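Secondary and tertiary structure notes
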Amino acid sequence: MKSIIFSGAYIENYDYLSEINFDEYLIICADSGYKHAENLKIVPDVILGDNDSYLKKYPDNIKNLVFPPEKDFTDTHAAIDYAINNNAEEILIIGGLGGRIDHEFSHFCLMNYALDSGVKLKLINDTNEIWMENKPFKLKKSKRKYVSFFPYAGAVLNFSIKGLKYETTNMRLVPNRVQASSNEFCDSDTAIVTFDSGLVIVMLCDDRY
């Protein structure tokens, strides 16, 4: 099962979501993330959070789970727990990039949290797709121009890339250096990324202007 979580960061244009069939997803709104569902004319399965950032009253016909504002987890964290508890295997967060930088960084932490439960969590906006991997993977060519890799929470050992413009073998990726950013697909439509241990943040990005 797949889930979409709407978080509260500003979205200027929703056109990049046109290829998503929302009927295939469990739709969760993290508090003011409901404004995006509302703008897209989507009825979510649940709205949850501390109800401190949406200025209007939530509809009575939508399930609403309320948490106290004084808590040690974010509304998006609660939404991820809800998705995982409802057997989501993949989670897509919309409205998780481009807002408050502390919220944005927390979503990188939550990618790790979800992955520890065997769930792939991806952040998307109009120019970026970001997720985390904990084992070797294949990467298909996308419409995004750039492909970047960053270690998370420690070194990544024996990191190798085949099938991108810049290939590497048995590199040690470390958090205090930028060693594998701004790569690109070239002749191949598939890249193979391998490593022995660690966590890798994958970013597919376009220039905004």
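Residues numbered from 1 in each chain as written. Predicted model: local features only at pLDDT ≥ 70, side-chain atom pairs only at ≥ 80, totals over all residues. Heavy atoms only, no water.

Comments concerning the overall build of the protein
Within the protein, the secondary structure is distributed over 3 helices and 14 strands. Taken against the 2.2 N^0.38 rule, which gives 17 Å for 209 residues, the C-alpha radius of gyration of the protein at 18 Å falls within 12% of a compact globule. C-alpha atoms of the protein, sized along the principal axes, occupy 55 × 35 × 30 Å. Going through the 209 residues of the protein one by one, you find that 48% of them count as buried. Of the contacts made within the protein by residues no fewer than 6 positions apart, 61% connect residues no fewer than 24 positions apart. Carbon together with sulfur atoms contributes 48% to the accessible area of the protein, which is approximately 11300 Å² in total. (Helix = DSSP H or I, 4+ residues; strand = E, 2+ residues; numbered from the N terminus. Rg over C-alpha atoms; globule rule 2.2 N^0.38 Å. Buried < 20%, exposed > 50% of the residue type's maximum accessible area, 1.4 Å probe, protein only. Contact = heavy atoms within 4.5 Å. Areas by Shrake-Rupley, 256 points an atom, 1.4 Å probe, with all protein chains shown as cover.)

Comments concerning unusual backbone geometry
The phi angle at Asp-31 is positive, at roughly 50°, despite the residue not being glycine. Along the chain, Asp-31 falls in the loop between β2 (25–30) and α1 (34–39). Judged by relative accessible area, Asp-31 falls into the buried class, the value being 1%.

Topic: the pattern of salt bridges
As enumerated under the stated definition, the model contains 6 salt bridges in all. With a closest N to O distance of 3.5 Å, Lys-2 and Glu-24 form a salt bridge. In this pair, Lys-2 is assigned in strand β1 (residues 2–6) and Glu-24 in the loop between β1 and β2, connecting sequence segments 22 residues apart. Under the relative-accessibility criterion, Lys-2 is labelled partly exposed at 26%. Judged by relative accessible area, Glu-24 falls into the partly exposed class, the value being 46%. Look at the salt bridges and you will find they share partners, linking Lys-122, Glu-129, Arg-144 and Asp-206 into a network. (Salt bridge = Lys/Arg side-chain N within 4 Å of Asp/Glu carboxyl O.)

A word on the sheet that holds strand β6 (residues 120–124)
Strand order in this open sheet of 10 strands is β4-β3-β2-β1-β5-β6-β7-β14-β9-β12, and the pairing throughout is mixed. Two strands in the sheet have a free side with no partner beyond their single neighbour: β4 (64–66) and β12 (180–183). Each neighbouring strand pair of the sheet contributes to a mean axis angle of 20°, computed without reference to strand direction. Relative to strand β14 (residues 200–205), strand β7 (residues 128–133) is paired through 6 bridges, and the arrangement is antiparallel. In the strand pairing of β14, Trp-131 is matched with Val-202. Together, β1, β2, β3 (46–49), β4, β5 (90–94) and β6 form the strand contacts of helix α2 (residues 75–85), whose direction differs from that of β2 by roughly 155°. (Pairing = 2+ DSSP bridges. Axes fitted to C-alpha atoms, helices over the stretch in contact; angles between N-to-C directions.)

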